[in-house]
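Examining the three-dimensional arrangement
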Amino acid sequence: MDKTATAPEATAAAAQPKKIDLGKAAIKEAIAKGKAVIKDGKSKADAAMVIFEALKDEEKDVVIAAFVQGATLTEKGAVTYWYNCRRKAKKAAKK
């Protein structure tokens, strides 16, 4: 019975969004670069790749949050773009 008592607590903790600090200078710069790419009339994919290259050493959640801010993506779209950018970067690294 103890397991069922902790299950709602665990679910409530999982439902809390993780706090992501977008205040670091490198993250702000990457978001600004992404916005500039969009402003130049290029695609969201181009903006996402610029942001990804700048933040490739950051955690996944940070990069996704930067995509939402800098490439004007939705939360779900940003996750897809993150996977695509990561795959494209790995292919480029192999060459």
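Source: prediction; values computed, not measured. (Residues numbered from 1 in each chain as written. Predicted model: local features only at pLDDT ≥ 70, side-chain atom pairs only at ≥ 80, totals over all residues. Heavy atoms only, no water.)

1. So, the packing of aromatic side chains
Under the counting rule described, the total for this entry stands at 1 aromatic pair. Look at Trp82 and Tyr83: their rings are 5.0 Å apart centre to centre, the planes differ by 75°, and that puts the pair in the edge-to-face class. (Phe/Tyr/Trp six-rings, centres within 6.5 Å; stacked < 30°, edge-to-face > 60°.)

2. Section: unusual backbone geometry
Positive phi values are uncommon outside glycine, yet Thr72 reaches one of about 50°. Position of Thr72 among the secondary structure elements: in the loop between α4 (60-70) and α5 (75-94). (Helix = DSSP H or I, 4+ residues; strand = E, 2+ residues; numbered from the N terminus.)

3. So, the pattern of salt bridges
Inspection of every chain in the model, using the stated rule, returns 3 salt bridges. Between Lys24 and Glu58 there is a salt bridge, with the nearest N and O atoms lying 3.8 Å from each other. Of this pair, Lys24 sits in the loop between α1 (2-15) and α2 (25-39) while Glu58 sits in the loop between α3 (44-55) and α4, and the two are 34 residues apart along the sequence. One salt bridge connects Glu29 with Lys33, and the closest N-O pair in it is separated by 3.6 Å. Of this pair, Glu29 and Lys33 both sit in helix α2, 4 residues apart, roughly one helical turn. Exposure remark for Glu29: the relative accessible area of 46% places this residue in the partly exposed category. For Lys33, a relative accessible area of 38% corresponds to the partly exposed category. (Salt bridge = Lys/Arg side-chain N within 4 Å of Asp/Glu carboxyl O. Buried < 20%, exposed > 50% of the residue type's maximum accessible area, 1.4 Å probe, protein only.)

4. Digging into the confidence of the model for the chain
Predicted confidence across the chain gives a mean pLDDT of 86, with 81% of residues reaching 70 or more. Ranking the elements of the chain by mean pLDDT puts α1 last with 50 and α3 first with 96. For residues 10-16, every residue scores under 50 in pLDDT, and the model assigns this stretch 0 contacts once sequence neighbours within four places are set aside. (pLDDT = per-residue confidence, 0-100. Contact = heavy atoms within 4.5 Å.)

5. What to know about the nonpolar core
Most often, soluble globular proteins have nonpolar side chains that are buried together. Among the nonpolar cores identified, the biggest contains 20 residues, and Ile51, Phe52, Leu55, Val63, Phe67, Trp82 and Cys85 are the most heavily contacted of them. Among the elements that take part in this core, α3 stands out by supplying 6 residues, more than any other. For Phe67, the contacting residues outside a window of four places in its chain are Ala48, Ile51, Phe52, Thr72, Leu73, Ala78, Tyr81, Trp82 and Cys85. (Core = buried A, V, L, I, M, F, W, Y, C linked by side-chain atoms within 4.5 Å.)

6. Observations regarding the packing of α4 against α5
Where α4 contacts α5, the axes come no closer than 9 Å and their chain directions differ by 120°. Classified by the angle between their axes, α4 and α5 sit oblique to one another. Relative to α5, α4 is oriented so that their crossing is right-handed. Counting all contacts with α4, which are made through Lys60, Val63, Ile64, Phe67 and Val68, the residues of α5 involved are Glu75, Ala78, Val79, Tyr81, Trp82, Tyr83 and Cys85. Of the residues in the contact of α4 with α5, the class split is 10 nonpolar, no polar and 2 charged. (Axes fitted to C-alpha atoms, helices over the stretch in contact; angles between N-to-C directions. Parallel < 35°, antiparallel > 145°, perpendicular 65-115°, else oblique. Left-handed = near helix turned anticlockwise from the far one by under 90°. Nonpolar A, V, L, I, M, F, W, Y, C, P; charged D, E, K, R; others polar.)

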